[in-house]
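The lines below spell out each chain.
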Amino acid sequence: MKRARLAANTVAIVAAVVTFFPIYWMALSALKPAGEIQSLQVRPWTLAPTLEHFERVLGGENFARYLLNSLMVALAVVALSALVAFLAAVAVTRFTFRFRTTVLIMFLVAQMVPVEALTIPLFFLVRDIGTAVPGVGLNTLGSLVLVHLAFSLPFAIWMMRGFVAAVPEALEEAAMIDGASRPVVLWRILFPLVAPGLIATGVFSFITAWNDFIFARTFIISAKDNQTLPAALLVFFKPDENDWGGIMAASTLMTIPVLIFFVAVQRRLVAGLGGAVKD
Amino acid sequence: MGTDAAGLGRGRAMAFILPALVLIGVFLVFPALWTVYLGLTDYRLTGLAAAEPRFVGLDNYAAALTDARFGSSLWLTVQFVLGSAVAGQAVLGFAVAWVARGLRTPVRRAVEGLVLLSWILPGSVVAFLWIALLDRDGGTLNALLNTPGTAWLLDHPMLSIIVFNIWRGTAFSMMLYSAALENVPPSHLETARLAGASTACQLGDVVLPRIKGHVLTNLLLISLWTFNDFTPFLLTAGGPEGRSEILPVYVYAIALNGGRLGAGAAVSFLILLINLVFALIYLRLLRARNAPPTAAAPGGRGPV
């Protein structure tokens, strides 16, 4: 048993080290002085750590602004997606209506549409919507929120369905008999019980919205102030020589908010995923 | 499930689902139908066909299906999905989850956290990291293996993107499986062990039947995600000479680089159809699993 345990520990630690290595390299390169990054002698440490790359990144080209934009879009998507998906999941699990199966299948299929394929129609769509409704057209953060929200919904509803179905209906009935109104039942009984599921889906929406590159590039054309982080990375790519220090420092900065968000919810995430799949 | 157990009322149920339906309808279904229409035209990014696209019927589909490049793309995609998602992520994810449950909680949390990092990082960021890792001249891998001048991305493009995708995606399978394994009562495993069952027997007879639903869901999701994954483009751009041109990259090449939006839309639709087949197989398998009415698993954690 002892040897098995040792083997298990070794496997787990090797896996962790291997996966962690490129990320360590990113942080390391961000801290290395400019001359050392591309030197032929590759060293997995540095003797002269410097913050110059971070200073350059934070000092130039609206980086703080882009960071804020990315945060606003991602958080808005998470909050709206949780709300809309929760309501929809309640409707499809607690109510039988015509086309219910059709709607569910549609959610599943919608999740498989390759994003790249929709970019061009979406561009025209967003442009046209923008002329009718201000605030969600091209060059606005609203357009990013709406499109990411729509793309996050099929998965979120599909996940939430399992959670809502898992809550015994008797619980809601009992609350009703005790005199709770329907909104109270929804928000005070059902909502807290499915919270782990909402957290799991929230992580997904956050990550996709945060990491998105294609939509930000397509919809935000001329409004430089409304650009998001992935596009800000492009500044450091130059035709003659890439600014690897800048890229790595910006990448590190871009990773930190995801990390914070993630560490905050990690424990609930695993429980959340487990509940979603059960029928 | 009753018709209206929560007392929602038809109107309220409709109001609940309406925002989701409208958003998905406007931003997913409508553009998807638009893509289907575009696939039937000779729409181009520039030139005469950009202003007045002509209806060409199924020409684009016929062209795609007879194009050798489409065939090789499809085959590469199958390799990519089987190699990196099914054999790589799913198996490795299960192995890590299985091993991690025997670890002490802090070690386990640390291992899981590290593996998850690779999954939550932005695609563009990890692509830079891997390019730096695999670079021919200053690449870290060459320095570590002492193989200077090996151009991994040029010599082994498919292997590179498969390993990359395993690295990137294992976390999801690991998370799903560790959640699933929480539902296997330790007492059952203990009994099997006392009865002298080998690890393989324990896995096959005790664990697998209980987590079958998770396995199916996981395989469906990671297959679809891998099938539609565009990130390898950032590593190899489909090259060299199309040797890592998986289907999403192929679509990008003909639609945006080649400017043939109509042809690109047709291939996108073919991808969607293939995805649909995956989903139907999955639903069939899931239904087969649910057919015998089994009682809800007792002793499970979280919402049962």
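Definitions and cut-offs
Residues numbered from 1 in each chain as written. Chains lettered and ligands numbered in written order. Predicted model: local features only at pLDDT ≥ 70, side-chain atom pairs only at ≥ 80, totals over all residues. Heavy atoms only, no water. Helix = DSSP H or I, 4+ residues; strand = E, 2+ residues; numbered from the N terminus. Buried < 20%, exposed > 50% of the residue type's maximum accessible area, 1.4 Å probe, protein only. Contact = heavy atoms within 4.5 Å. Areas by Shrake-Rupley, 256 points an atom, 1.4 Å probe, with all protein chains shown as cover. Phe/Tyr/Trp six-rings, centres within 6.5 Å; stacked < 30°, edge-to-face > 60°. Salt bridge = Lys/Arg side-chain N within 4 Å of Asp/Glu carboxyl O. UniProt positions renumbered as here; feature names shortened; annotations may be inferred. Polar contact = N/O pair within 3.5 Å; in protein donor to acceptor, adjacent residues only side chain to side chain. Axes fitted to C-alpha atoms, helices over the stretch in contact; angles between N-to-C directions. Parallel < 35°, antiparallel > 145°, perpendicular 65-115°, else oblique. Left-handed = near helix turned anticlockwise from the far one by under 90°. Buried area = accessible area lost by both parts, 1.4 Å probe. Nonpolar A, V, L, I, M, F, W, Y, C, P; charged D, E, K, R; others polar. Domains from an automatic or database assignment.

(A) Representation of the overall build of chain A within the structure. Within chain A, the secondary structure is distributed over 13 helices and zero strands. Moving toward the C terminus, one meets the helices and strands of chain A in the order α-α-α-α-α-α-α-α-α-α-α-α-α. Per-residue burial over chain A gives 53% buried out of 279 residues. Of the contacts formed within chain A by residues at least 6 apart in sequence, a portion of 71% connects residues at least 24 apart. Total accessible area computed for chain A in this model is approximately 12,400 Å², and 67% of it derives from carbon and sulfur atoms.

(B) Here's a closer look at the overall build of chain B. Secondary structure assignment for chain B yields 14 helices and zero strands. Across chain B, helices and strands are ordered from the amino to the carboxyl terminus as α-α-α-α-α-α-α-α-α-α-α-α-α-α. With the C-alpha coordinates aligned to their principal axes, the bounding extent of chain B is approximately 75 × 70 × 30 Å. Looking at chain B as a whole, 51% of its 304 residues are labelled buried. Put simply, of all contacts in chain B between residues at least 6 apart along the chain, 68% involve residues at least 24 apart.

(C) Inspection of the packing of aromatic side chains at higher detail. Taken as a whole and judged by the stated rule, the model has 24 aromatic pairs over all chains. A centroid spacing of 6.1 Å and a plane angle of 25° characterise the contact between F124 of chain A and W34 of chain B, whose relative ring orientation is stacked. Here F124 of chain A is found in helix 6 (residues 115-132), whereas its partner W34 of chain B is found in helix 1 (residues 10-38) on a different chain. With a relative accessible area of 25%, W34 of chain B lands in the partly exposed category.

(D) Here's a closer look at the pattern of salt bridges. Residues and elements named next belong to chain A. A complete count under the given rule lists four salt bridges over all chains for this structure. A salt bridge links R94 to E169; the shortest N-O distance between them is 3.6 Å. Of this pair, R94 sits in helix 4 (residues 63-94) while E169 sits in helix 8 (residues 169-177); the two residues are 75 residues apart in sequence, bridging distant segments of the chain. Looking at E169, the relative accessible area reads 22%, which means it is partly exposed. Close ionic contact of R127 with D128 constitutes a salt bridge, the shortest N to O distance being 3.4 Å. Members of the salt-bridge network, linked through shared partners, are R94, E169 and E172.

(E) Representation of the UniProt feature "transmembrane region" (unreviewed entry) in chain B. Residues and elements named next belong to chain B. Here, UniProt's "transmembrane region" (unreviewed entry) annotation points to residues 12-34, 74-99, 111-131, 151-167 and 259-283. Across residues 12-34, helical content stands at 100% and strand content at 0%; the span's end C-alpha atoms are separated by 31 Å. The straight-line gap between the two end C-alpha atoms of residues 151-167 is 19 Å; of that span, 88% is helix and 0% is strand.

(F) Here's a closer look at the side chain of N60 of chain B. Residues and elements named next belong to chain B. By the element assignment, N60 lies in helix 3 (residues 59-66). Within polar-contact distance, the side chain of N60 engages the backbone oxygen of T41 at 2.8 Å. Excluding anything up to four places from it in sequence, N60 contacts L38, G39, L40, T41, G262, A263 and A266.

(G) The arrangement of the packing of helix 10 (residues 186-194) of chain B against helix 11 (residues 199-227) of chain B in detail. Residues and elements named next belong to chain B. Their axes nearest at 10 Å, the elements helix 10 and helix 11 cross at an angle of 165°. If you check the angle between helix 10 and helix 11, you find them roughly antiparallel. For the crossing formed where helix 10 meets helix 11, the hand is right-handed. Residues H188, L189, A192 and R193 of helix 10 form the contact with helix 11, whose own contacting residues are Q202, V206, V207 and R210.

(H) Structural context of the UniProt feature "transmembrane region" (unreviewed entry) in chain A. All names here are of chain A. In this structure's numbering, the residues bearing the UniProt feature "transmembrane region" (unreviewed entry) are residues 7-27, 66-91, 103-125, 145-164, 185-207 and 244-265. Across residues 7-27, helical content stands at 100% and strand content at 0%; the span's end C-alpha atoms are separated by 30 Å. Secondary structure content for residues 66-91 is 100% helix and 0% strand, while the C-alpha to C-alpha distance between its ends is 37 Å.

(I) Quick peek at the interface of chain B and chain A. Taken residue by residue, the interface counts 92 residues in chain B and 91 residues in chain A. Of the roughly 8,400 Å² buried between chain B and chain A on both sides combined, carbon and sulfur atoms contribute 78%. Linking chain B with chain A are zero salt bridges. Inspection of the chain B/chain A interface yields zero residue pairs in polar contact (both at pLDDT 80 or more). Looking at the side of chain B that touches chain A, the elements with two or more residues in it are helix 1, helix 4 (68-100), helix 5 (105-120), helix 6 (123-134), helix 7 (140-145), helix 9 (157-181), helix 11 and helix 14 (261-290) of chain B. Grouping the constituent residues of the side of chain B that touches chain A by class yields 62 nonpolar, 21 polar and nine charged.

(J) View of the packing of helix 5 (residues 100-110) of chain A against helix 7 (residues 141-166) of chain A. Residues and elements named next belong to chain A. Helix 7 packs onto helix 5 with a crossing angle of 130° between their chain directions and a minimal axis gap of 8 Å. The orientation of helix 5 with respect to helix 7, classified from their angle, is oblique. In the packing of helix 5 onto helix 7, the handedness of the crossing is left-handed. Mapping the contact onto sequence places L104, F107, L108 and A110 in helix 5 and P154, I157, W158 and R161 in helix 7. The residue makeup of the contact of helix 5 with helix 7, split by class, is seven nonpolar, no polar and one charged.

(K) Region of the structure containing the environment of A166 of chain A. Within the secondary structure layout, A166 of chain A lies in helix 7. When the C-alpha positions of A166 of chain A and V194 of chain A are compared, they lie 8.8 Å apart, and in sequence the two are 28 residues distant.

(L) Region of the structure containing the domain arrangement of chain A. Residue and element names in this part refer to chain A. What the domain assignment reports for chain A is domain 1 (1-49) and domain 2 (62-272). Distance from the C-alpha centre of domain 1 to the C-alpha centre of domain 2: 32 Å. Both faces combined, the contact of domain 1 with domain 2 buries some 530 Å², and carbon together with sulfur accounts for 78% of it. At the surface where domain 1 touches domain 2, the tally comes to zero salt bridges. In this assembly, domain 1 and domain 2 are joined by zero residue pairs in polar contact (both at pLDDT 80 or more). For the side of domain 1 that touches domain 2, the element with the most residues is helix 1 (residues 2-31), which contributes four residues. Within the side of domain 1 that touches domain 2, the residues separate by chemical class into four nonpolar, two polar and no charged.

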